[in-house]
Every structure is written in structure tokens, then in C-alpha cells.
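For reference, the chains in residue letters:
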Amino acid sequence: QVQLVESGGGLVQAGGSLTLSCAASRSISRINHMGWYRQAPGKQRELVASITISGSTNYADSVKGRSTISRDNAKNTVYLQMNSLKPEDTAVYYCNARTTVLTILTDYWGKGTLVTVSS
């Protein structure tokens, strides 16, 4: 198992920047998929960005070019830097760790951190 704790959310004006952090309770060096998801009021949870052990990244089109996901395996932490924030980025942001043991895939989630972007 792995517990995830997000931090770094808050209120920011449009055009501003935030860096979210996700601290894991154990080593993430062998967790291939680490990601950030978000859920806005009345909407489904969606992928924002993900990163693999090798450093390969994937971004939602809505944040591509404005966000950077990174991982520090030594600190068991994943980051999401977001720039040029827009009101539509307002959501609860969740950290995700996806483990695969044999063929069993398990998703672990943090409790989320709220990002509010004012216009």
C-alpha cells in the first residue's frame, strides 16, 4: 500500500502559477505510473498529467504547454507545476499512484487539494 498526501493548492489569480506536491508514504522508485488528476464541480475526474519511472510524461490537452509533472524518487514526491492558470483549472487535484503486481493493477489516491483560480 501507499498513502499519498497532496499539498500546495490554494487561491490564485488567473495567469498565476502554483506547484502541487504529492508526498508518498513509501518509496515510489518502483511505481511506474504516478499521476495528477482533477475533478471540477459537476464533472468527472480527469487525468491532468502522468509520469513513468523512465520519466516519460503525458499531459491532457487542456494543460499541455502550461504544466510540468516531475518526480523525485529520493524524496518519494511527485510535483505538478502549473503556469498561466485559468478559471477553468479550478478543481480538486488528486495524486494517483498505480501499482502493478503480477497482473493486478491497483490505484491509490490522495484526499486531494483544492485549486481555485479567480478571474
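Before reading further, recall that the structure is shown in the block above.
Just so you know, these numbers come straight off a predicted model, no measurement behind them. (Residues numbered from 1 in each chain as written. Predicted model: local features only at pLDDT ≥ 70, side-chain atom pairs only at ≥ 80, totals over all residues. Heavy atoms only, no water.)

A. Layout of the packing of aromatic side chains. Evaluated as defined, the whole model comprises one aromatic pair. For the ring pair Y37 and W109, a centre distance of 5.0 Å and an interplane angle of 75° mean the geometry is edge-to-face. Taken together, the positions of Y37 in strand β4 (residues 33-39) and W109 in strand β10 (residues 104-109) put the pair 72 residues apart, joining distant regions of the chain. For Y37, a relative accessible area of 12% corresponds to the buried category. Here W109 falls in the partly exposed class, since its relative accessible area comes to 34%. Over the aromatic face of Y94 sits the side chain of R45, whose NZ or CZ is 3.7 Å from the ring centroid. Across from the ring centre of W109, 4.6 Å away, lies the NZ or CZ of R45, which sits over that ring. (Phe/Tyr/Trp six-rings, centres within 6.5 Å; stacked < 30°, edge-to-face > 60°. Helix = DSSP H or I, 4+ residues; strand = E, 2+ residues; numbered from the N terminus. Buried < 20%, exposed > 50% of the residue type's maximum accessible area, 1.4 Å probe, protein only. Lys NZ or Arg CZ within 6 Å of the ring centre and 35° of its normal.)

B. Structural context of the nonpolar core. By size, the foremost hydrophobic cluster in this structure holds 30 residues, and its most contacted members are L4, M34, W36, I69, L80, M82 and Y93. Broken down by secondary-structure element, the contributors of at least two residues to this core are β3 (18-24), β4, β5 (46-51), β8 (77-82), β9 (91-101) and β11 (113-118). (Core = buried A, V, L, I, M, F, W, Y, C linked by side-chain atoms within 4.5 Å.)

C. The arrangement of the sheet that holds β8 in detail. Read from one edge of the open sheet, four strands run β1-β3-β8-β7, paired in antiparallel fashion. A strand with exactly one partner marks an edge of an open sheet, and here the two such strands are β1 (4-7) and β7 (67-72). Taken over all neighbouring pairs, the strand axes of this sheet differ in orientation by 15° on average, direction set aside. Sheet topology places β3 next to β8; six bridges connect them, and they run antiparallel. (Pairing = 2+ DSSP bridges. Axes fitted to C-alpha atoms, helices over the stretch in contact; angles between N-to-C directions.)

D. Structural detail: the pattern of salt bridges. This model, assessed by the stated rule, comprises five salt bridges. The partner of R66 in a salt bridge is D89, and the shortest N-O contact between them spans 2.9 Å. Taken as a pair, R66 in the loop between β6 (57-59) and β7 and D89 in the loop between β8 and β9 lie far apart in primary sequence, 23 residues in all. Given a relative accessible area of 12%, R66 falls into the buried group. The class of D89 is buried, set by a relative accessible area of 1%. Taken together, the salt bridges that share partners define one network made up of R38, E46, R66 and D89. (Salt bridge = Lys/Arg side-chain N within 4 Å of Asp/Glu carboxyl O.)

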